[in-house]
Amino acid sequence: MSQIPAPPVAHKKSCRIEQLGRTRVDDYAWMKDDNWQEVLRDPALLRSDIADHLRKENAYSDAVLAPTKALQSEIVAEMKGRLKEDDSFPPLPHGTWRYGVRYESGSQYPRYVRHAEGHPETEEVLLDADVRAKGQPYYAARGATHSPDHRLFAWAEDTQGSEIYTIRVRDLTTGEILPVEIENCSGEFTFSPDSKYIFWTCRDDNGRPVKIYRRALTASDDVLVYDEPDSGFFVGVSAARSGKWIVISTNDHDTSENWIIPDAAPEAAPVCVAPREKGLMYELSHGGDRFVIRTNADGATDFKLMTVADEAVGDRSAWCEHVPHRAGHYITGAICFADHLVWTERVNANIIIAIEDKAGERHQIATDEDAYTLSLDGSYEFKTTELRYSYQSPTTPRQWFSYDMQDRTRHLLKMQDVPSGHDPENYRTKRLMAKAPDGELVPITLLWHRDTPEGQPAPMLLYGYGSYGISIDPTFSTRNLSLVDRGWVYAIAHIRGGSEKGWNWFLGGRDEHKTNTFTDFIACADHLIEQGWTDAGRIVADGRSAGGMLMGAITNMRPELFAGVVAVVPFVDVLNTMSDDSLPLTPPEWPEWGNPLINEKAYDRIAGYSPYDQIAAKPYPAVFAIGGLTDPRVTYWEPAKWIAKLREYSVSDNPLLLRINMEAGHGGASGRFKSLDEAALIHAFAIWAEARSRQPEA
């Protein structure tokens, strides 16, 4: 191990905050630029003293990890070798066309293409994102889709990483981009079924999607269709696959409301389906002459499906139960076809696809593996018996299938190609259960190389998230193989706050129960140590966004367990962020965490686990925090403040590193190759931190 250079020292400027009769002092509040909203649009506007500090932090991280440069390059080469450069995905049929996405060799971004059915030689390029990205430090295209009449192609693009999108439309007859240019969009939009309008979602000055506008494709002005009055609700818009309705959805984390516009009258005012009722969630899918409604109404914690005729959809008393609620069978979504209903259920952290035909006969698509992922791949067609889905597991590359729902046969469309080679037999995966302090059993998914002996402790990367009901599925990752091939065990802790074991699993890790998320993760680490998979001090914990909050909390609670902690865009300044209602996500997040502006119990609860506020004099492990300057979700100052305060209090000599991507936001570097650099850097840090933790003390 080389000599560690001295870190930058952030100056302290005391900021006293009085709130609900409580006082806290924030010495690093100065890192938040008062002009942060403008910085999202133009990073060059960042205040010079903050910019200087962030550059010093980046330089320090580079210096500390300089000995890993060769390792980083080696891992990047491995990851790139597993990536098929001229890759493509099975095209989806729509009428006489086939729409697909593919990559050219050497390209960072995809091409969106189409060809006539049975004639791949007629391919047209609808959008070459690689061309659009030239000269841009960051590029992302979202929502790329064609109009129902196949004459137009639209996409939303972001060139800062700030998630402020501009919608562009191409005429597929001439190939020209139309003068229609819709700015300040959240990235979500839809064509009307008659292809005459775009309905789009507008961001307000605080970065929240709160309005729906309609833009005629022959005009340059917008008509306001819906304006959300509650700053805690986010708005979106979509078109039903049946082609008969436009649906406006608005929701926070536990309440939703939907408004509909008929395809025959896209200029009509939207009509509310069921007025919002606190705690009631519902979403719509349209089946031609009826709506299928996924809802938690009447105590259906893991959701149920109800149906109602089009003309009665606004009358909740007319909704009829179709797929009843079953505890532990969490219904995650439903899709209607002309003659079939498809829905997905999560059971014991795995997915089942259920199918019902017009006669009411039901069957399922499932698998017998311990840990796997099934996912629906979408469809443009409504009148079809073809279902597209994918299968993958930690050991098995992704496979795309076409499934005939009528005769129940399937055929393989494509298997993910790993050019450098991959033999699933060289790897093992397993599902374990760890006992939480309150007796709940927490699933853990493991992946390791067959040459890594079981029962002999190995270095481990332990990943966790545990928020918003988001499940971390056991997918196939070519990136993780670079660790596993080096004798590491990769593990996912399916902790509360996610919905791996149903919606109650989520409810058991939110708001007043949030600390279950942290103790579940620690229970998983302890269990893996007890079972001989690893040792204390050989685990590197990894989490992103709200999972970064988890990283901060467990680092405060049990620092001795970890050789290192990776926290990417980490939500660690929870109390300050949840007390700042100008930030994009704060009001919508109050149902998840509580509102410390008005609720004393929420204040005290958040203060009791907020990673930034709970830092104390402890022997912290090596920490690597990564943020994005233009991130509107977890602002750059959260990891910057966290690392500065950790350095102030840590009583160990373990390095505390900060890297702020000055040209990206929440998703990190854009481009499929550029993103490999960050992934390799994280792996190299993990290997470096674990090796460092085993060095004898001087």
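Rules of the game
Residues numbered from 1 in each chain as written. Predicted model: local features only at pLDDT ≥ 70, side-chain atom pairs only at ≥ 80, totals over all residues. Heavy atoms only, no water. Salt bridge = Lys/Arg side-chain N within 4 Å of Asp/Glu carboxyl O. Buried < 20%, exposed > 50% of the residue type's maximum accessible area, 1.4 Å probe, protein only. Pairing = 2+ DSSP bridges. Helix = DSSP H or I, 4+ residues; strand = E, 2+ residues; numbered from the N terminus. Axes fitted to C-alpha atoms, helices over the stretch in contact; angles between N-to-C directions. Core = buried A, V, L, I, M, F, W, Y, C linked by side-chain atoms within 4.5 Å. Contact = heavy atoms within 4.5 Å. Expected span 1.5 Å × (residues − 1). Parallel < 35°, antiparallel > 145°, perpendicular 65-115°, else oblique. Left-handed = near helix turned anticlockwise from the far one by under 90°. Nonpolar A, V, L, I, M, F, W, Y, C, P; charged D, E, K, R; others polar.

Undergrad: Looking at this structure, I do not really get the pattern of salt bridges. What am I missing?
TA: Oppositely charged side chains may form a pair once their charged atoms are brought near each other. Per the stated rule, a full pass over the model turns up 52 salt bridges. A salt bridge links aspartate 149 to arginine 151, with the shortest nitrogen-to-oxygen separation between them at 2.6 Å. When the shortest N-O distance is used, the salt bridge between glutamate 560 and arginine 558 registers 2.4 Å. On the basis of relative accessible area, arginine 558 is assigned to the partly exposed category, the value being 25%. Several salt bridges share partner residues, and in doing so they unite Glu74, Glu78, Arg82, Asp485 and Arg486 into one network.

Undergrad: I keep staring at the sheet that holds strand β22 (residues 330–336) and nothing clicks. Help me out?
TA: Two pairing modes exist for strands in a sheet, parallel and antiparallel, and in both the strands are linked by backbone hydrogen bonds. Read across the sheet, four strands follow the order β22-β23-β24-β25 without closing on themselves; strand pairing throughout is antiparallel. The sheet is open, and its two edges are formed by β22 and β25 (362–365), each paired on a single side. Direction aside, neighbouring strands of the sheet carry axes that sit 25° apart on average. In terms of strand pairing, strand β24 (residues 350–357) meets β25 through four bridges, oriented antiparallel. Its bridge partner lying in β25, alanine 354 is registered against glutamine 364.

Undergrad: Please explain the nonpolar core as it appears in this structure.
TA: Soluble globular proteins tend to bury their nonpolar side chains together. In this structure, Leu54, Leu446, Phe521, Leu528, Trp642 and Phe685 are the most contacted members of the largest nonpolar core, which totals 114 residues. Here the element with the most residues in this core is helix α13 (residues 674–693); it accounts for 10 residues. Here phenylalanine 685 is in contact with Leu65, Gly564, Val565, Val566, Ala622, Val623, Phe624 and Leu657, once residues within four sequence places are set aside.

Undergrad: Would you mind showing me how to read the sheet that holds strand β7 (residues 140–146) here?
TA: Sheet architecture is open: seven strands sit in the order β7-β8-β9-β10-β11-β12-β13, paired in antiparallel fashion. In this open sheet, the two strands that pair with only one neighbour each are β7 and β13 (222–227). Across the sheet, the mean angle from the axis of one strand to that of its neighbour is 35°, orientation sign disregarded. As defined by bridge partners, strand β12 (residues 209–216) adjoins β13 across five bridges and the pair is classed as antiparallel. For tyrosine 213, the partnering residue across the bridge sits in β13 and is leucine 224.

Undergrad: Any chance you could explain the side chain of histidine 115 here in plain terms?
TA: For histidine 115, the position within the fold is in strand β5 (residues 111–116). Setting aside residues up to four positions removed in sequence, histidine 115 forms contacts with Pro91, Thr96, Trp97, Arg98, Pro120, Thr122 and Glu123.

Undergrad: How should the pairing of strand β34 (residues 539–544) be read in this particular structure?
TA: On a regular strand, each side chain points to the face opposite its neighbour's, so the side chains alternate between the two faces of the sheet. Counting buried positions over the six residues of β34 gives five, a clear majority of the element. Across four bridges, the pairing between strand β32 (residues 460–464) and β34 is parallel. Looking at β34, one finds that leucine 462 is bridged to alanine 541. Direction of pairing for β34 relative to strand β35 (residues 562–568): parallel, over a ladder of six bridges. Looking at the pairing, aspartate 542 lines up with valine 566 of β35.

Undergrad: Mind showing me how you'd approach α13 here?
TA: For α13, spanning 20 residues, the distance from its first C-alpha to its last is 29 Å, which sits close to the expected 28 Å at 1.5 Å a residue. Within α13, 15 of the 20 residues are buried, which leaves the element mostly enclosed by the surrounding structure.

Undergrad: How should I be thinking about helix α7 (residues 515–530) in this particular structure?
TA: Structurally, the α-helix is built with 3.6 residues per turn, so residues lying three or four positions apart point the same way. With 16 residues, α7 should reach 22 Å at 1.5 Å per residue; the first-to-last C-alpha distance of 22 Å fits that figure. Of all the residues in α7, the buried ones are Asn516, Thr517, Phe518, Asp520, Phe521, Ile522, Ala523, Cys524, Ala525, His527 and Leu528. Phi turns positive one or two residues past the end of α7, at glycine 532, with a value near 85°.

Undergrad: Honestly, the packing of helix α3 (residues 69–81) against α13 in this entry has me stumped. Any pointers?
TA: When two helices pack together, their arrangement is given by the angle between their axes and by how far apart the axes lie. α13 packs onto α3 with a crossing angle of 130° between their chain directions and a minimal axis gap of 8 Å. As summarised for this structure, α3 and α13 are arranged oblique, according to the angle between their axes. As α3 packs across α13, the resulting crossing turns out to be right-handed. Residues Leu71, Gln72, Ile75, Val76, Met79 and Lys80 of α3 pack against Leu676, Asp677, Ala679, Ala680, Leu681, His683, Ala684 and Ile687 of α13. Looking at the contact of α3 with α13, its residues break down into 10 nonpolar, two polar and two charged.

Undergrad: Got a minute to help me understand the environment of phenylalanine 191 in this structure?
TA: Assignment of secondary structure puts phenylalanine 191 in strand β10 (residues 177–191). On the accessibility criterion, phenylalanine 191 (4% relative accessible area) is buried. Phenylalanine 191 sits 47 residues away from serine 238 along the chain, and the two C-alpha atoms are 8.2 Å apart. Discounting chain neighbours no more than four positions away, the residues touching phenylalanine 191 are Thr145, His146, Ser147, Pro148, Leu152, Ala154, Tyr197, Ile198, Leu217 and Ala239.

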